[in-house]
Amino acid sequence: MKNYDIIIVGAGASGVFLAYELTKRQNKAKVLMIEKGYSLEKRVCPIKLGKTESCIMCSPCQIMNGYGGAGTLSDGKYNITTQFGGDLHAYVGKPKAMELMHYVDHVLCDMGGAEAKLYSTENSELKTIALRNDLHLLDAQVRHLGTDRNFKILEKIYDYTKDRVDMIFETGVDAVEVLGDHSFKVISDKKEEFTCKDLVLATGRSGSKWIAEVCTKLGVGQKSNRVDIGVRVELPAVVFKHITDDVYESKIVYKTDKYNDMVRTFCMNPYGEVVAENTNGIVTVNGHSYSDPSLRTENTNFALLVSNKFTEPFEDSNEYGESIARLSNLLGGGVLLQRFGDLVKGRRSSERRMEKCFTRPTLKATPGDLSLVIPKRQLDNIIEMIYALDKIAPGTANEDTLLYGVEVKFYNSKVELDKHLETKIPGLYALGDGSGVTHSLSQASASGVYVARILAEKYQ
């Protein structure tokens, strides 16, 4: 059995920045990081290697798991705001949350991100235009690193921390036990045993079920959260060029007339590509974009998401989202694809109709009918939102606008935490997207920095 002061379960954004800050600050803690995915150099999706045209259900998924977490092979978009992306400010206060996110941005720039432009929506004319059309642009600063630059930055962070923090990859955690002396025992899926005085759960979105199981076993309270269901929209980049050139990432919220539900844009990728990702054995869809102009496409993609919150007696919002995603996988063998024109006319997209489509898809997906998968209420909301966006970006409601389904954002049930992101069990912390507290790279990274500073003081 190997003994450590601190064990970090998960090498996503929060875990990586926890390790970074512990390395930077002078302290005596002996630290171990355990990650079920691969190290950076091994993280290559088979689709990118040309070995397959569609998701083959790698376990673990290269896009979702490994060093850097789901953010490694994403488009590297860091939003500095408390208006969306999580509730870190509810625990540490808004000024502190903003300070931490700006600190993360400073680290990223020092590691090679300074060339990436920092956009802002604060004084954008787009906000006024959106309001005139009953759309609401949320305030944020955003630095887009790009998937390629983001990967290189993570390489530098890894090199900076590797001699200070022990790291084990391709290893899951089977069990967590609280010992009599208030320390913890961690048992890996390879039957290795480790002990520590402080244990940090930082498994990200893909580890939501695992964290829920650990918290239930240890008697740590959790509050049910939401699930967001929608589609990924892909259209010619020129349609949104006047918006993406100005603010890059536009978080636009719309309240539908029909149901009074909130629909929002999410994860906008100018000149990007649509990708499939495997979450707990279910194939969903996402989007990436690159900083290198030679890697850019002719399209822009973004998600349209409808938030779903449930009342008693139903509690498992993630299972609801998973069931819809499974249905999409059942019908399409993975991701479904439909032209907007076909959707509103009540007909499925076929291979023949796709051959006549002017918008060329960037992801190999199965033409089909999303109305057989997405519940009517959510689909009506999405269609209404597309027509609303068409008023500020004419061409959005074009017949050849592509819709990929489904996109599901799973939110872990919020773990009951205090202002230090510590559970009722002393020494047990939960942070990042896996805790349900954050939903973005910036806030997840900031939560890692925050807890690292607390632990660094403890081990002076």
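Here is a short report on the structure shown in this document. (Residues numbered from 1 in each chain as written. Predicted model: local features only at pLDDT ≥ 70, side-chain atom pairs only at ≥ 80, totals over all residues. Heavy atoms only, no water.)

1. Quick word on the overall build of the protein chain
Test applied: Each helix is a run of H or I in the DSSP string that is no shorter than four residues. Each strand is a run of E no shorter than two, and both are numbered from the N terminus. Here the radius of gyration uses the C-alpha set of atoms, whereas the globule reference equals 2.2 Å times the residue count to the power 0.38. Relative accessibility thresholds used throughout: buried, under 20% of the residue-type maximum; exposed, over 50%; partly exposed, between the two (1.4 Å probe, protein chains only). Contacts: residue pairs with any heavy atoms within 4.5 Å of one another.
For the protein chain, the count of helices and strands is twelve helices and 24 strands. Relative to its length of 460 residues, the protein chain is compact, with a C-alpha radius of gyration of 22 Å against a globular reference of 23 Å. The principal-axis extents of the C-alpha atoms in the protein chain amount to approximately 65 × 45 × 45 Å. Looking at the protein chain as a whole, 62% of its 460 residues are labelled buried. In the protein chain, the share of contacts with a sequence separation of at least 24, taken over all contacts with a separation of at least 6, comes to 77%.

2. Section: helix H7 (residues 237–247)
As a reminder, the rule being used: To obtain the arc, one takes the directions from the helix axis to the C-beta atoms.
Buried within H7 we find Ala237, Val239, Phe240, Ile243, Thr244 and Val247. For H7, the arc enclosing every buried residue in end-on projection is 130°, short of the 170-degree limit, so these residues lie on one face. For H7, the elements touching its buried residues are strand S5 (118–120), helix H4 (125–132), strand S7 (141–144), strand S14 (227–236), strand S16 (262–269) and strand S19 (299–308). Just beyond H7, the residue with positive phi is Tyr248, at close to 65°.

3. Details of helix H11 (residues 376–390)
Turn by turn, an α-helix covers 3.6 residues, leaving residues three or four places apart pointing in a common direction. Basically, it comes down to this: An expected span of 1.5 Å times one less than the residue number is assigned to each helix.
Between its terminal C-alpha atoms H11 stretches 21 Å, which fits the 21 Å expected from 15 residues at 1.5 Å a residue. Within the sequence span of H11, burial applies to Gln378, Leu379, Asp380, Asn381, Ile382, Ile383, Glu384, Met385, Ile386, Ala388 and Leu389.

4. Description of the packing of aromatic side chains
To keep things clear, this is the line we draw: Note on aromatic pairs: the rings of Phe, Tyr and Trp (six-membered ring only in Trp) are paired at centre separations within 6.5 Å, and the planes decide the class, stacked below 30 degrees, edge-to-face beyond 60, tilted for the rest.
For the coordinates displayed, the defined rule picks out eight aromatic pairs. With a centroid separation of 5.1 Å and an interplanar angle of 35°, the aromatic rings of Tyr20 and Tyr160 are classed as tilted. Of this pair, Tyr20 sits in helix H1 (residues 13–24) while Tyr160 is found in helix H5 (residues 147–161), placing the two residues 140 residues apart along the sequence. Overall, the relative accessible area of 36% leaves Tyr160 in the partly exposed class. Between Phe240 and Phe302, the ring centres sit 5.0 Å apart and the planes meet at 50°, which makes this aromatic pair tilted. In this pair, Phe240 is assigned in helix H7 and Phe302 in strand S19, connecting sequence segments 62 residues apart. Exposure class is identical for Phe240 and Phe302. Each is buried.

5. Re the sheet that holds strand S10 (residues 184–188)
Test applied: Paired strands are those between which DSSP finds at least two bridges.
Judged by pairing direction, the sheet is mixed, and its four strands sit side by side in the order S1-S11-S10-S9 without closing on themselves. With partners counted over all chains shown, the strands left at the sheet margins are strand S1 (2–3) and strand S9 (173–178), one partner each. Here S10 pairs with strand S11 (residues 193–196) via four bridges, running antiparallel. Its bridge partner being in S11, Val186 is matched across the sheet by Phe194.

6. Some details on the sheet that holds strand S24 (residues 428–430)
What counts is decided by this rule: Axis lines are fitted through C-alpha atoms, for helices just across the contact stretch, and the angle between N-to-C directions can take any value from 0 to 180 degrees.
Taken in spatial order, the five strands of this open sheet run S8-S3-S2-S12-S24, and their pairing is parallel. In the strand order of this sheet, the two ends are held by strand S8 (165–168) and S24, each with one partner. Neighbour-to-neighbour, the strand axes of the sheet open up by a mean angle of 15°, direction not taken into account. Summarising the sheet, strand S2 (residues 6–9) and strand S12 (residues 198–201) pair through four bridges and their orientation is parallel. Counterpart to Ile8 in the pairing with S12 is Val200.

7. Some thoughts on the packing of helix H3 (residues 94–113) against helix H12 (residues 441–458)
Applicable threshold: Roughly parallel refers to an angle under 35 degrees, roughly antiparallel to one over 145, roughly perpendicular to one between 65 and 115, and oblique to any angle outside these ranges. As a working rule, the residues Ala, Val, Leu, Ile, Met, Phe, Trp, Tyr, Cys and Pro are called nonpolar, Asp, Glu, Lys and Arg charged, and the rest polar, with Gly in that last group.
Look at H3 against H12: their axes get within 8 Å of each other, and the N-to-C directions meet at 100°. The angle between H3 and H12 falls in the class roughly perpendicular. Mapping the contact onto sequence places Lys96, Glu99, Leu100, Met101, Tyr103 and Val104 in H3 and Ser442, Gln443, Ser445, Ala446, Val449, Tyr450 and Arg453 in H12. Its residues assigned to classes, the contact of H3 with H12 comprises seven nonpolar, three polar and three charged.

8. A few points about the nonpolar core
Under the convention used in this document: By nonpolar core we mean a set of buried residues, namely Ala, Val, Leu, Ile, Met, Phe, Trp, Tyr and Cys, connected to one another through side-chain atoms within 4.5 Å.
In this structure, Ile6, Ile7 and Leu199 are the most contacted members of the largest nonpolar core, which totals 81 residues. Per element, the largest residue contribution to this core is nine residues, and it comes from H12. In this view, Leu199 contacts Ile7, Val9, Val176, Phe184, Val186, Gly427, Leu428 and Tyr429; residues no more than four positions away in its chain are not counted. Core analysis: the next-biggest nonpolar cluster, separate from the first, contains 43 residues, Ile252, Tyr254, Ala397 and Val406 among them.

9. Some details on the pattern of salt bridges
Put simply, the rule is: What counts as a salt bridge is simple: a side-chain nitrogen of Lys or Arg found within 4 Å of a carboxyl oxygen of Asp or Glu.
In the structure shown here, the tally under the stated rule is 30 salt bridges. In this structure, Glu407 engages Arg232 in a salt bridge whose closest nitrogen and oxygen atoms are separated by 2.7 Å. With Glu407 in strand S22 (residues 402–410) and Arg232 in strand S14, the pair connects residues that are 175 residues apart, well separated along the chain. The exposure classification of Glu407 matches that of Arg232, with both residues buried.

10. A word on unusual backbone geometry
That bond from Ser59 to Pro60 is cis: its omega, 0°, falls within 30 degrees of zero. Looking at the element boundaries, Pro60 is found in the loop between strand S3 (31–34) and strand S4 (77–80). Even without glycine at this site, Asp134 takes up a positive phi of about 65°. Assessed through its relative accessible area of 41%, Asp134 is described here as partly exposed. The backbone phi angle of Cys267 is positive, close to 55°, even though this residue is not glycine. Structurally, the position occupied by Cys267 is in strand S16.

11. Here we look at the environment of Asp418
Just so we agree on the cut-off: Counted as a polar contact is a pair of N or O atoms within 3.5 Å, where, for protein atoms, one must be capable of donating a hydrogen and the other of accepting one, and residues adjacent in sequence contribute only when both atoms are in side chains.
Position of Asp418 relative to the elements: it lies in the loop between strand S23 (414–415) and S24. Taking the C-alpha atoms as reference points, Asp418 and Lys48, 370 residues apart in sequence, are found 42 Å from one another. Only 2.8 Å separates the side chain of Asp418 from the backbone nitrogen of His420, close enough to count as a polar contact.

12. Some details on the environment of Phe358
Locating Phe358 in the fold gives a position in the loop between helix H10 (351–355) and strand S21 (366–367). Note: C-alpha distance between Phe358 and Pro236 (122 residues apart in sequence) is 9.1 Å.

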